[in-house]
Amino acid sequence: MYRYVITLGELKKLQKQGNVRLVDVREPERYEKGHIPEAESIPYSEEPDFLEKFEKKNAIVICCDRGNLSAKVTLRMRKAGYPAYSLAGGYEGYKRFQK
């Protein structure tokens, strides 16, 4: 599983190349309190149709608070054939990097 975890620096490189989708899987209340500016909110709780919101052609970087939920979601997406990655440290890691 760990090979599908990327750092914030790796995310920024992917964003410069284009063709990457940054998705915050936290509940809307958590997202509204703060999120990475480029992240779109798609709460994981929207199962069972969560996976239907994605295509398998571009990289998908999953973000949560600290990386635990995003690792779980990434593993599920990888098993279903999606090019998904978990953002190490999640939103909390992003905030620490911004200081």
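Predicted model, so just to flag it, every value in this text is computed and none were measured.

Rules of the game
- In this numbering scheme, every chain counts its residues from 1 along its sequence in written order.
- Where local features are concerned, this predicted model is filtered to residues with pLDDT of at least 70; where side-chain atom pairs are given and counted, the filter is 80 or more; whole-chain, interface and lining totals use all residues.
- Heavy atoms from the whole structure form the basis of all side-chain values; hydrogens and water molecules are not counted.
- Comment: elements are numbered from the N terminus, with helices defined as DSSP H or I runs of at least four residues and strands as E runs of at least two.
- What the globule rule says is 2.2 Å times the number of residues to the power 0.38, and the radius of gyration is computed from C-alpha atoms.
- Three labels apply to residues, based on accessible area from a 1.4 Å probe with only protein chains included: buried if under 20% of the type maximum, exposed if over 50%, partly exposed otherwise in between.
- The contact definition used throughout considers only heavy atoms, calling two residues in contact when any of these lie within 4.5 Å.
- Only the protein chains shown count as cover for residues, with accessible areas throughout obtained via the Shrake-Rupley method and a probe of 1.4 Å.
- Salt bridges are counted wherever a side-chain nitrogen of Lys or Arg sits within 4 Å of a carboxyl oxygen of Asp or Glu.
- Pairing between two strands requires that DSSP report at least two bridges joining them.
- Whenever a helix is involved, its axis is fitted only over the stretch in contact; in every case the axis is a line through C-alpha atoms, and angles between N-to-C directions fall within 0 to 180 degrees.
- The disulfide criterion used throughout: a pair of cysteine sulfur atoms within 2.5 Å.
- Joining through side-chain atoms within 4.5 Å is the link that ties buried Ala, Val, Leu, Ile, Met, Phe, Trp, Tyr and Cys residues into a set, and such a set is a nonpolar core.

### Here we look at the overall build of the protein chain
Turning to step 1, where the next piece is worked out: The helix and strand tally for the protein chain stands at 4 helices and 5 strands.
Turning to step 2, where the next piece is worked out: Along the chain direction, N to C, the helices and strands of the protein chain fall in the order β-α-β-α-β-β-α-β-α.
Turning to step 3, where the next piece is worked out: Here the C-alpha atoms of the protein chain give a radius of gyration of 12 Å, agreeing with the 13 Å that 2.2 N^0.38 yields for 99 residues.
Turning to step 4, where the next piece is worked out: In terms of overall dimensions, the protein chain has a C-alpha envelope of 35 × 30 × 25 Å along the principal axes.
Turning to step 5, where the next piece is worked out: Here the protein chain, with 99 residues, has 41% of them falling under the buried criterion.
Turning to step 6, where the next piece is worked out: Within the protein chain, residue pairs in contact and separated by at least 24 positions form 60% of the contacts whose partners lie at least 6 positions apart.
Turning to step 7, where the next piece is worked out: Of the roughly 6000 Å² of accessible surface on the protein chain, a fraction of 48% belongs to carbon and sulfur atoms.

### Some words on the pattern of salt bridges
Turning to step 1, where the next piece is worked out: Here the structure, examined in full by the defined rule, presents 6 salt bridges.
Turning to step 2, where the next piece is worked out: Salt bridges linked by common partners bring D24, R26, R30 and D65 together as one network.

### Brief notes about the sheet that holds strand 1 (residues 5–6)
Strands pair in a sheet through their backbones, by hydrogen bonds, and they do so in one of two ways: parallel or antiparallel.
Turning to step 1, where the next piece is worked out: An order of 1-5-4-2-3 is seen for the 5 strands of this open sheet, with the pairing classed as parallel. Of all strands in the sheet, those bounded by a partner on one side alone are strand 1 and strand 3 (40–41).
Turning to step 2, where the next piece is worked out: Bridge analysis of strand 4 (residues 59–63) against strand 5 (residues 84–87) gives 3 bridges, and the strand direction is parallel. Across the sheet, residue V61 finds its bridge partner in strand 5, namely Y85.
Turning to step 3, where the next piece is worked out: Set on the sheet, helix 3 (residues 68–79) makes contact with strand 4 and strand 5; between it and strand 5 the angle comes to about 175 degrees.

### A closer look at the state of the cysteines
Turning to step 1, where the next piece is worked out: Tallied over the entire structure, the rule returns 0 disulfides.
Turning to step 2, where the next piece is worked out: Not engaged in a disulfide, the cysteine C63 finds its nearest cysteine sulfur in C64; these two sulfurs lie 6.3 Å apart.
Turning to step 3, where the next piece is worked out: By relative accessible area, C63 is classed as buried at 0%.

### Observations concerning unusual backbone geometry
Turning to step 1, where the next piece is worked out: With phi around 60 degrees, N19 is a residue other than glycine that occupies positive phi space.
Turning to step 2, where the next piece is worked out: Using a relative accessible area of 56% as the deciding quantity, one classes N19 as exposed.

### Considerations on the environment of A59
Turning to step 1, where the next piece is worked out: Here A59 shows up in strand 4.
Turning to step 2, where the next piece is worked out: Classification of A59 as buried rests on a relative accessible area of 15%.

### Structural notes on helix 4 (residues 90–98)
Turning to step 1, where the next piece is worked out: Of the residues making up helix 4, those classed as buried are G90, Y91, E92, G93 and Y94.
Turning to step 2, where the next piece is worked out: On its buried side, helix 4 packs onto helix 1 (8–17), strand 4 and strand 5.

### Quick word on the nonpolar core
Turning to step 1, where the next piece is worked out: Ranked by size, the top nonpolar core spans 14 residues in total, and within it V25, F50, F54 and M77 carry the most contacts.
Turning to step 2, where the next piece is worked out: Elements with a minimum of two residues in this core: strand 4 and helix 3.
Turning to step 3, where the next piece is worked out: Look past the residues within four positions of V25 in its chain and what remains in contact with it is I42, P43, Y44, F50, I62, C63, C64, L69 and V73.

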